[in-house]
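Spelled out, the chains give:
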Amino acid sequence: MRDYVIMTDSCCDMTDEMAKELDLVVQPLSLHMGQDVYRNWLDGREIGFEQFYARIRGGETATTSAVSVGEFEDAMRPILAQGKDILCINFSSALSTTYQSAVIAAGDLRTEFPEAKIFVVDSLCASLGQGLLLYLCAQQKREGRSIGEVRAYAEATKGNICHWFTVDDLNHLKRGGRISAATALFGTMLSIKPVMHVDDGGHLTPVSKARGRKASLLALVDQMEKNAVDPAHGPVFISHGDCEGDALLVADEIVRRFGNNDIHLNYVGPVIGNHAGPGTVALFFVGHKR
């Protein structure tokens, strides 16, 4: 069996240390702020997470760019030249063209490396939901599964990666077209916080509302209690928009209710954070369904 590499993009929002420990190859999306362009490396080497959120809180705006076809080709070609295959698992196609770039790059390279297997999977996931899927796939690889078996596992499992999140400032969702200006105004006045998830098609979808910040955070754990396959066991990922204390509140509630200590926290990276804003808290786990 040929060796293979699992590739992804930086919207997985894993820590750089975890990605390296799992032997993942990660391609960065890009962030444009003013005259500057920063690549969203997992280690924050071009723009730090705290620096990014401080600038957003200060009123700066940004735009984002997907990984290009050429960038994927440049990353894939040396791996294929070593005689290895590639399983590329990408950010939801409903939220970015990154997946499509990987598909085009793989198609181009198959003519150059006809003996190679190059599989591309649309995770339909975002942030550490994508990270959780990658984590589980990397464990399958470590257990000796072939590239075809891990690809099939990814396709079968992605619909069970639950994404639940809330935001502190509705104006970021308003700017992104997720909610209306009126909803943002009245929600802010009444301290209404949306509880949202990523649906089966990989889209961000409002599900309910909570009155106040703490209630919205506890509502995330309520969803885990309802939907998790085994809330007491298995990895749980939490990402946050520069509000670690709130993420820790969610983690502590998970430990209190279920006794699960397999919890991993990290920032929502700049690309996704640009749309969700500071104060975002997102909870990811394996459920019976999304």
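Now for a description of the structure that goes with this document. This one's a predicted model, so the numbers in the text were calculated from it and none came from an experiment.

Examining the packing of helix α5 (residues 127-142) against helix α6 (residues 147-157)
Running from amino to carboxyl end, α5 crosses α6 at an angle of 150 degrees, the nearest separation of the two axes being 10 Å. Considering the angle they form, α5 stands roughly antiparallel to α6. Once α5 is placed against α6, the crossing between them reads as right-handed. Contacts from Leu133, Leu136, Cys137, Gln140 and Lys141 in α5 reach Val150, Tyr153, Ala154 and Thr157 in α6. Looking at the contact of α5 with α6, its residues break down into six nonpolar, two polar and one charged.

Remarks on the side chain of Arg290
Residue placement: Arg290 occurs in the segment after β13 (281-286). For the buried residue Arg290, which engages in no salt bridge, the nearest side chain bearing the opposite charge is Asp200, 4.9 Å off. Within the structure, Arg290 has its side chain in polar contact with the backbone oxygen of Leu124 (distance 2.6 Å). At 2.8 Å, the side chain of Arg290 and the backbone oxygen of Lys158 are in polar contact.

A word on the sheet that holds strand β9 (residues 192-198)
One open sheet holds the six strands; their spatial order is β10-β9-β8-β13-β11-β12, and the pairing between them is mixed. Each edge of the open sheet carries a strand with a single partner, namely β10 (204-211) and β12 (263-267). Neighbour to neighbour, the strand axes of the sheet diverge by 20 degrees on average, direction disregarded. Examined bridge by bridge, strand β11 (residues 236-240) and β12 share five bridges and lie parallel to one another. Residue pairing in the sheet places Ile238 in a bridge with Leu265 of β12. Its contacts with the sheet place helix α10 (residues 244-258) against β11, β12 and β13, and it is angled at close to 160 degrees to β11.

Examining helix α3 (residues 69-81)
Helix length check: α3 (13 residues) gives 18 Å between terminal C-alpha atoms against 18 Å at 1.5 Å per residue, within 8%. Close packing links the buried residues of α3 with β1 (4-9), β2 (24-27), β6 (85-90), α4 (98-112) and β7 (118-122). The first or second residue beyond α3 is Gly83, which carries a positive phi of 85 degrees.

A closer look at the sheet that holds strand β5 (residues 63-65)
Here we have three strands laid out as an open sheet, ordered β4-β3-β5, and antiparallel in their pairing. Of all the strands in the sheet, just β4 (36-39) and β5 have a single pairing partner and so form its edges. Here the strands of the sheet are splayed against their neighbours by 25 degrees on average, with no regard to which way each runs. Examined bridge by bridge, strand β3 (residues 30-33) and β5 share three bridges and lie antiparallel to one another. Across the sheet, the residue bridging to Leu31 is Thr64, located in β5. Taken strand by strand, helix α2 (residues 49-57) contacts β3 and β4, and its axis lies near 40 degrees from that of β3.

Some details on the packing of aromatic side chains
Inspection of the entire model under this criterion finds three aromatic pairs. Measuring from ring centre to ring centre gives 4.9 Å for Phe52 and Tyr53, while their planes differ by 70 degrees; the resulting arrangement is edge-to-face. Residue Phe52 shares its accessibility class with Tyr53, and that shared class is buried. For the pair Tyr135 and Phe237, a centre-to-centre distance of 5.7 Å together with 70 degrees between the ring planes defines the contact as edge-to-face. You can see Tyr135 sitting in helix α5 and its partner Phe237 sitting in strand β11, a full 102 residues away along the chain. The exposure classification of Tyr135 matches that of Phe237, with both residues buried.

Some words on the side chain of Ser92
Looking at where Ser92 falls in the secondary structure, it is placed in the loop between β6 and α4. With residues up to four places along the chain from it excluded, the contact list for Ser92 reads Asp122, Ser123, Leu124, Cys125, Gly201 and Gly202.

Re the pattern of salt bridges
Overall, the coordinates contain 17 salt bridges when judged by the stated rule. Taken together, the shared-partner salt bridges connect Asp222, Glu225, Glu253, Arg256 and Arg257 into one network.

As for the state of the cysteines
Counting across every chain of the model gives zero disulfides. Free of any disulfide, Cys12 has its nearest cysteine sulfur in Cys11, 8.1 Å distant. We note that Cys88 lacks a disulfide partner, and the nearest cysteine sulfur, in Cys12, lies 11 Å from it.

Calculation notes
Residues numbered from 1 in each chain as written. Predicted model: local features only at pLDDT ≥ 70, side-chain atom pairs only at ≥ 80, totals over all residues. Heavy atoms only, no water. Axes fitted to C-alpha atoms, helices over the stretch in contact; angles between N-to-C directions. Helix = DSSP H or I, 4+ residues; strand = E, 2+ residues; numbered from the N terminus. Parallel < 35°, antiparallel > 145°, perpendicular 65-115°, else oblique. Left-handed = near helix turned anticlockwise from the far one by under 90°. Contact = heavy atoms within 4.5 Å. Nonpolar A, V, L, I, M, F, W, Y, C, P; charged D, E, K, R; others polar. Buried < 20%, exposed > 50% of the residue type's maximum accessible area, 1.4 Å probe, protein only. Lys, Arg positive; Asp, Glu negative; His and termini not counted. Salt bridge = Lys/Arg side-chain N within 4 Å of Asp/Glu carboxyl O. Polar contact = N/O pair within 3.5 Å; in protein donor to acceptor, adjacent residues only side chain to side chain. Pairing = 2+ DSSP bridges. Expected span 1.5 Å × (residues − 1). Phe/Tyr/Trp six-rings, centres within 6.5 Å; stacked < 30°, edge-to-face > 60°. Disulfide = S-S within 2.5 Å.

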